[in-house]
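Each chain is listed here by its residues.
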Amino acid sequence: MPGVLGFFEQVLDYLVESGILIFEYIGVGIIILTCLVSFYKYVRREADTRIYLAKGLAMGLEFKLGSEILRTVIVREWAEIAIVAGIICLRAALTFLIHWEIHQEMKEQPGEHVSGKTEDEMHKK
């Protein structure tokens, strides 16, 4: 019986490790792509550059946060759990701050609503 449980434990470790890597790569890819597009928007002096960048960073951090949550499945020692918990808290705080900044930036833009449509666009329907 221990052989079967050991096999399932190895399968779980493999699946979780693969999921962690996939989420990490997706998060990094989103952050890099968002930064490149935001730089292009900045050069063109587009008004929504900050909001676009903040939303992209928030999305990338969400994927990286998901990978850290998956990591809690395979940690074995209390020291590792404390490190992962610290990383999760830090990333959650960063995500919260970025979302707060997005809402503040959207309030400051005249004529725009949270949906991104101006008042004139909403009344045309």
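Notes on the structure follow. The structure presented is a predicted model; accordingly, all values stated were derived computationally and were not measured.

Reading guide: rules and limits
Residues numbered from 1 in each chain as written. Predicted model: local features only at pLDDT ≥ 70, side-chain atom pairs only at ≥ 80, totals over all residues. Heavy atoms only, no water. Helix = DSSP H or I, 4+ residues; strand = E, 2+ residues; numbered from the N terminus. Buried < 20%, exposed > 50% of the residue type's maximum accessible area, 1.4 Å probe, protein only. Contact = heavy atoms within 4.5 Å. Expected span 1.5 Å × (residues − 1). Core = buried A, V, L, I, M, F, W, Y, C linked by side-chain atoms within 4.5 Å. Axes fitted to C-alpha atoms, helices over the stretch in contact; angles between N-to-C directions. Parallel < 35°, antiparallel > 145°, perpendicular 65-115°, else oblique. Nonpolar A, V, L, I, M, F, W, Y, C, P; charged D, E, K, R; others polar.

Things to note about the overall build of the protein chain
Thought 1: If you tally the helices and strands in the protein chain, you get 4 helices and 0 strands.
Thought 2: Beginning at the N terminus, the succession of helices and strands in the protein chain can be written as α-α-α-α.
Thought 3: Within the protein chain, buried positions represent 23% of all 125 residues.
Thought 4: Look at the contacts in the protein chain between residues 6 or more apart in sequence, and 62% of them connect residues 24 or more apart.

Some details on the environment of serine 67
Thought 1: Within the secondary structure, serine 67 sits in helix H2 (residues 49-74).
Thought 2: With 46 residues separating them along the chain, serine 67 and leucine 21 place their C-alpha atoms 7.5 Å apart.
Thought 3: If we skip the residues at most four places from it in the chain, serine 67 touches Ile20, Phe23, Glu24 and Arg91.

Looking at H2
Thought 1: End to end, H2 covers 39 Å across 26 residues, agreeing with the expected 38 Å (1.5 Å per residue, within 8%).
Thought 2: Within the span of H2, buried status applies to Thr49, Ile51, Ala54, Gly56, Ala58, Gly60, Leu61, Lys64, Leu65, Ser67, Glu68 and Ile74.
Thought 3: Against helix H1 (2-43) and helix H3 (78-108) lie the buried residues of H2.

Here's the deal with the nonpolar core
Thought 1: Listed in full, the 7 residues of the largest apolar core are Ile51, Ala54, Ala58, Leu61, Ile98, Ile102 and Met106.
Thought 2: Counting only elements with at least two residues in this core, the list comes to H2 and H3.
Thought 3: Take this core: its biggest share by element is 4 residues, from H2.
Thought 4: Not counting chain neighbours up to four residues away, the residues in contact with alanine 58 comprise Ile98 and His99.

A closer look at the packing of H1 against H2
Thought 1: Where H1 meets H2, the axes come as close as 8 Å, and the angle between the chain directions of the two elements is 170 degrees. By the angle class used here, H1 and H2 are roughly antiparallel.
Thought 2: Looking at the contact of H1 with H2 residue by residue, the class counts come to 20 nonpolar, 9 polar and 7 charged.

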